Amino acid sequence: MAVKGTIVVFFVIASAALLFVSPPPSADAHPLAFCHFDQIYQLGDSISDAGNLIRESPLGAFLPFARAPYGQTLLTHEATGRCSDGLLMIDYIALASGLPLVNPIKDAKASFMHGANFAVAGATALSSATLDRHKVRNPVTNSSLDVQLEWMKDHFHEFCGSQRHCEMKLRNALFMVGEIGGNDYNYAFFSNKRKVEILDFVPQVVASIKKAVEGVIRFGARRIVVPGNFPIGCLPVYLTGFNTDNPDDYDENHCLKGLNSFATLHNSLLKKAISELQKENPQVTIAYGDYYGAFQHLLQIAKSRGFELQRACCGGGGEYNFNQTRMCGYAGATACPDPYRYVSWDGIHMTQEAYHIMVDWLLADFLRKLHCHR
């Protein structure tokens, strides 16, 4: 599948009650309460970053998701560094657990009593040096998965004091290792790399994620969710960049079949790695987070509710309202007034409503896989 022109895209994303457009869920609305999580720790990229990238450099305040229209659905109508119009999946997971939203680790004024979010928009599973060897460049950040693990190590050194204390303090914590790896592929695909070349480093991406899981187990993690990749062939950025006139290239949802098959390959290798990790660490519960399945569920719900499935809410025009020269947050781009009727927020990331629907689907799966009981 050939790219029609080189698209340089920055694959970045962006008290709990202050962020809601409506009151936060009541005490009776915590589906993950039976898991008894008292902390959540998140590693990842723009799907989960709640404000780290905008804080990690002096230029952060000038990034598009540090300003409107990002955050327009929040009660404050202010951008927080989340790459959406509102809340993210990790926010809904925290709320379902009866916990406050998980603060970004780079927020020096934040409380980390209930966990910390280490995710950085634009981050990759592979280090910048490894990507360089593949002639793939990360134009956004050097805070790859290994860097985030170092931040986590430093945090726990201060938080716990010793390995034994960490194991005690983290015994009821949830660790989210990802979603991560999507940007490794994004940067490669939009650098005009051939698909066969990108296929070659899928095992390396999965190996990096596996190594990160091993790392959090050493820190003391006992319950871990490792999410897979979304069906990337359904995203406006890919539908625009890999547009084709051949109807056979699209599935019944008008998603690009070849790109979705690529995401499925990544997920298959990731599930195999998780199975190996589980056998090697029987004292730990390691669950696959089926973000691919959650997105497919989202499409079905979106169809039934009359959502806009593939045009972005915020963008600068074109068939899918995604334009590399007028991306959301930049001059020439506008945001729709009703993001709750859209799947895609900016062509790369989803809307708050889309994330909420996906998490609702994932909760039952998490309860089962994490062995949560009354």
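- As named in an unreviewed UniProt entry, the protein is Acetylajmalan esterase-like, taken from Coffea canephora.

## Things to note about unusual backbone geometry
Point 1. A cis amide bond links Ala68 with the next residue in sequence, Pro69, at an omega value of 10°.
Point 2. On the secondary structure map, Pro69 appears in the loop between β1 (39-43) and α1 (89-96).
Point 3. Cis geometry is found at the peptide bond from Gly178 to Glu179, where omega equals 15°.
Point 4. Examined against the element boundaries, Glu179 turns out to sit in the loop between β3 (173-177) and α5 (182-189).
Point 5. The phi dihedral of His77 falls on the positive side, at around 60°, and the residue is not glycine.
Point 6. Among the secondary structure elements, His77 is positioned in the loop between β1 and α1.

## Re the packing of aromatic side chains
Point 1. Counted according to the given criterion, the structure contains 16 aromatic pairs.
Point 2. Residues Phe190 and Tyr238 carry aromatic rings whose centres are separated by 5.0 Å and whose planes lie at 55° to one another, so their mutual orientation is tilted. Here Tyr238 lies in helix α8 (residues 236-241) and Phe190 lies in the loop between α5 and α6 (195-200), a separation of 48 residues in the sequence.
Point 3. Among the residues examined, Tyr238 registers a relative accessible area of 0% and is labelled buried.
Point 4. Following the ring pairs from residue to residue traces out a cluster consisting of Tyr185, Phe189, Phe190, Phe201, Tyr238, Phe242 and Phe262.
Point 5. Between the NZ or CZ atom of Lys106 and the centre of the ring of Trp151, over which it lies, the distance is 4.1 Å.

## Observations regarding the state of the cysteines
Point 1. This structure, assessed with the given rule, holds 5 disulfides.
Point 2. The disulfide that involves Cys160 links it to Cys166, with 2.1 Å between the sulfurs. Here the disulfide of Cys160 and Cys166 is right-handed, its torsion about the S-S bond being about 75°.
Point 3. The buried category is assigned to Cys160, whose relative accessible area is 8%.
Point 4. For Cys166, a relative accessible area of 5% puts it in the buried group.
Point 5. Note on cysteine connectivity: Cys313 is disulfide-linked to Cys336, with sulfurs 2.0 Å apart. Handedness of the Cys313-Cys336 disulfide follows from its S-S torsion of about -100°: it is left-handed. Linking Cys313 in the loop between α10 (291-305) and β6 (314-315) with Cys336 in the loop between β7 (334-335) and α11 (352-369), this pair joins segments that are 23 residues apart in sequence.
Point 6. Note on Cys313: relative accessible area 3%, which makes it buried.
Point 7. In the protein, numbering the disulfide-bonded cysteines from first to last in sequence yields the connectivity 1-10, 2-3, 4-5, 6-9, 7-8.
Point 8. Not engaged in a disulfide, the cysteine Cys83 finds its nearest cysteine sulfur in Cys328; these two sulfurs lie 8.8 Å apart.

Cut-off values and rules
Residues numbered from 1 in each chain as written. Predicted model: local features only at pLDDT ≥ 70, side-chain atom pairs only at ≥ 80, totals over all residues. Heavy atoms only, no water. Helix = DSSP H or I, 4+ residues; strand = E, 2+ residues; numbered from the N terminus. Phe/Tyr/Trp six-rings, centres within 6.5 Å; stacked < 30°, edge-to-face > 60°. Buried < 20%, exposed > 50% of the residue type's maximum accessible area, 1.4 Å probe, protein only. Lys NZ or Arg CZ within 6 Å of the ring centre and 35° of its normal. Disulfide = S-S within 2.5 Å.

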